[in-house]
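An overview of the molecular structure
One-letter residues, chain by chain:
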Amino acid sequence: MEKKKRSSKNLKISTRITISTILAVAVPLIIVYAFSSVFVQSMASYFNVSTVDSNHYSMVNQIQWNQTVTFISDELVSEESLQEKQRALKRLSSPLEKLGSDIYIESDSKQAVYSTKNKEEILEEANKITTVDLSKNLRYFSQDGMVIVSHVKDEDNGSGYTVLIANERFTVSNVFEADMEKDAADRIFSRSGLIIMAIVLVFILTIVAFSLLTSSTIVKPLKKLSAGADEIARGNLDYVIDYDSTNEIGVTVDSFNKMTDRLRESLHWQHEAENSKREMIEGVAHDLRTPMTSVKGYAEGLMDGIADTPEKQSRYLQRIYASTVTMEKLLDELLTVSKLEDGRLDLDLQEIRFNDFLDDCNNNIALYLEKRGFKVEYDNKCSDEAYVMLDSDRFQRVIRNIVSNSVRYSKSDVQGVIRFTAREYQKTIILAVEDNGIGISSENLPKIFDSFYRADPARSRVSEGSGLGLYICKQIVELHNGRIWASSKEGEGLTIHIALNKIIK
């Protein structure tokens, strides 16, 4: 199966909205960042906020320490090995150590990760500056020194670290210098900058709100459609998606509901077909069991010497032969049904005079009906110029099956009569085969062309038929583009009607 080419037309609606939202937010941010990055870099270079370079307190110095602690924290939670982390920590701590800072880092398991001195020595030094509780974060800057306690949590693996930094050389500068740098910071974050940031924030919030509103009007019905699909997948074919709209999604939902209805109908017919198949298998097993039992019984009689005379032996052999013929006929009908259902039954259609066909049928079945004491009546009103396209052998089988069915369901106390009636019309010929048997009720009449249907529910006469005869008749007639139906009155007989198309010359 050829894969569909990737195209922007195949993007999901939610994906399109997401991309639009991201671009709408990203573009102004990129512009602001492109402008501000140069500004920030120049100011960072001026103030040198990335590295601690002094033991004197100031706003910039405090930013430097915060940035340095952040760098240390990021390194501790990185995916690098312990040795790589220690090398990076050494690089970060080197300028701090030159300023007289002592550093100790340990994991939650109290294992030292990095240290410039013994833990107890650094902790003693820190406590000289201020009281230190290693379980709490601390930022302490004073004339007596500086102490930082920071806890780092690695969310990926649940581990944690404690960072302790102490420096006795740290001093607080005069207020004038700090105020100057504060004024510089105020200039950086002036009112105009705050206004610009506010405008950007409003711009972002407006786009996000509009995107969410647009998304909800599309995604909500799609979620209903998805929920409906999940219900169908779980087998709930009675589920109806509740979304009444004339837009594109509404049309899709309506089509989906119609598809569900068709699927429910299809599964119903599939269930019916499975039941029919199961009944067919049960019917075959039942119908084969009777002649098989007969063959087995008579064969055992021959082997055990019960048939001790030539006459008995001949009779036993005849019964065995008759049962074998019955099984052969059933298997032949099953093979025919299989070919019909798979579309493998080919017809040898020829232009045939209909009267010639009826004469052949009469000759072929006359002896069969005579042996069974049936009277045959023949009423043909077709002209010699009536031609049809027939597979003669297949259609004679149709007539034989109909006649066999009439014999099977004849009345035991009345002489059987089978009447052939043929009528010619402008475009069709209708052949009717009528009997005076037990007939069938109007309720069961539509079922007689189903496979393995019998009017005798007790299946007491299965040895005379398989229940496939009329089903095969229907299939063969329809392959001839004809039509077959039945009429009956219970207790008065059954009539099978066949309509065939005439060849118009």
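Not measured: the values here are computed from a predicted model. (Residues numbered from 1 in each chain as written. Predicted model: local features only at pLDDT ≥ 70, side-chain atom pairs only at ≥ 80, totals over all residues. Heavy atoms only, no water.)

Structural notes on empty space enclosed by the protein
A complete count under the given rule lists three cavities of 30 Å³ or more for this structure. In this structure, the second largest cavity spans a volume of roughly 50 Å³. Lining the second largest cavity we find Leu358, Cys361, Asn362, Ile365, Tyr378, Ile399 and Phe420. Considering only residue class, the lining of the second largest cavity consists of six nonpolar, one polar and no charged. (1 Å grid on protein atoms, 1.4 Å probe; cavity = no way out; pocket = protein on both sides within 12 Å on 5 of 7 lines; lining within 4 Å. Points joined across faces, edges and corners; volume = space filled by probe spheres on them. Nonpolar A, V, L, I, M, F, W, Y, C, P; charged D, E, K, R; others polar.)

What about the environment of Asn355?
Among the secondary structure elements, Asn355 is positioned in helix H9 (residues 354-371). Sequence-wise, Asn355 and Asn380 are 25 residues apart; in three dimensions their C-alpha atoms are separated by 8.1 Å. Apart from residues no more than four positions distant in its own chain, Asn355 is found in contact with Asn380, Cys382, Ser383 and Asp384. Side chain to side chain, Asn355 and Asp384 meet in a polar contact 2.9 Å long. (Helix = DSSP H or I, 4+ residues; strand = E, 2+ residues; numbered from the N terminus. Contact = heavy atoms within 4.5 Å. Polar contact = N/O pair within 3.5 Å; in protein donor to acceptor, adjacent residues only side chain to side chain.)

A closer look at the sheet that holds strand S12 (residues 428-435)
Reading across from one edge, S9-S11-S12-S14-S13 is the order of the five strands in this open sheet, with mixed pairing throughout. In the strand order of this sheet, the two ends are held by strand S9 (375-380) and strand S13 (483-489), each with one partner. This sheet shows a mean twist of 15° between the axes of neighbouring strands, independent of strand direction. Pairing of S13 with strand S14 (residues 493-501) involves seven bridges; the strand directions are antiparallel. Paired with Ser487 across the bridge in S14 is Thr495. On the sheet, H9 packs against S9, strand S11 (417-424), S12 and S14 and is oriented at approximately 175° with respect to S9. Helix H10 (residues 392-408) contacts S11, S12 and S14 of the sheet and is inclined by roughly 170° relative to S14. (Pairing = 2+ DSSP bridges. Axes fitted to C-alpha atoms, helices over the stretch in contact; angles between N-to-C directions.)

Points about the packing of helix H2 (residues 59-76) against helix H3 (residues 82-98)
Where H2 meets H3, the closest approach of the two axes is 9 Å, and the angle between their N-to-C directions is 170°. The angle between H2 and H3 places the two elements in the roughly antiparallel class. Residues Trp65, Thr68, Phe71, Ile72, Glu75 and Leu76 of H2 form the contact with H3, whose own contacting residues are Glu84, Lys85, Ala88, Leu89, Leu92 and Leu96. (Parallel < 35°, antiparallel > 145°, perpendicular 65-115°, else oblique.)

Quick look at the packing of H9 against H10
If you want to describe how two helices pack, look at the angle between their axes and the distance between the axes. Closest axis-to-axis distance for the H9/H10 pair is 11 Å, and the angle between their directions is 40°. It follows that H9 is oblique to H10 by the angle criterion. By crossing handedness, the relation of H9 to H10 is classed as right-handed. Counting all contacts with H9, which are made through Phe357, Asp360, Cys361, Asn364, Ile365, Tyr368 and Leu369, the residues of H10 involved are Ser392, Phe395, Gln396, Ile399, Arg400, Val403, Ser404 and Val407. Each residue belonging to the contact of H9 with H10 can be placed in one class, and the counts come to nine nonpolar, four polar and two charged. (Left-handed = near helix turned anticlockwise from the far one by under 90°.)

Section: H9
Between the first and last C-alpha of H9 there are 26 Å, a value that for 18 residues agrees with the 26 Å anticipated at 1.5 Å per step. The sharpest bend along H9 comes to roughly 35°, located at Ile365. Phi turns positive one or two residues past the end of H9, at Gly373, with a value near 75°. (Expected span 1.5 Å × (residues − 1). Bend = angle between axes of the 7 residues up to and from the residue.)

Here's the deal with the pattern of salt bridges
Counted under the stated rule, the structure contains 15 salt bridges. Three or more residues are tied together by salt bridges with common partners; here these are Lys375, Glu377, Arg419 and Glu434. (Salt bridge = Lys/Arg side-chain N within 4 Å of Asp/Glu carboxyl O.)

As for the packing of aromatic side chains
In this structure the tally under the stated criterion is five aromatic pairs. On the basis of an interplanar angle of 50° and a centroid distance of 5.7 Å, the ring pair of Tyr57 and Phe141 is categorised as tilted. Taken as a pair, Tyr57 in strand S1 (residues 56-57) and Phe141 in strand S4 (residues 138-142) lie far apart in primary sequence, 84 residues in all. On the numbers, 6.1 Å between centres and 35° between planes, the contact of Phe354 with Phe357 is tilted. Here Phe354 and its partner Phe357 are both found in helix H9, three residues apart, which amounts to about one turn of the helix. Assessed through its relative accessible area of 1%, Phe357 is described here as buried. Ring pairs connect the aromatic residues Tyr57, Phe141 and Phe170, which therefore count as one cluster. Above the plane of the ring of Trp485 lies Arg483, whose end atom (NZ or CZ) is 4.1 Å from the centre. (Phe/Tyr/Trp six-rings, centres within 6.5 Å; stacked < 30°, edge-to-face > 60°. Buried < 20%, exposed > 50% of the residue type's maximum accessible area, 1.4 Å probe, protein only. Lys NZ or Arg CZ within 6 Å of the ring centre and 35° of its normal.)

Let's talk about a positive patch on the surface
Taken together, the side chains of Lys329, Lys371, Arg372 and Arg400 present a region of like positive charge at the surface. Among the secondary structure elements, Lys329 is positioned in helix H8 (residues 310-342). According to the relative accessible area criterion, Lys329 is partly exposed, its value standing at 40%. (Patch = residues over 30% accessible without salt bridge, like charges linked within 9 Å, V, L, I, M, F, W, Y side chains within 5 Å. Areas by Shrake-Rupley, 256 points an atom, 1.4 Å probe, with all protein chains shown as cover. Lys, Arg positive; Asp, Glu negative; His and termini not counted. Charge placed at Lys NZ, Arg CZ, Asp CG, Glu CD.)

Details of unusual backbone geometry
Positive phi, close to 65°, is recorded for Lys110, a residue that is not glycine. Look at Lys110 and you get exposed, because its relative accessible area is 59%.

So far we have only geometry, and geometry alone does not tell us how the molecule works.
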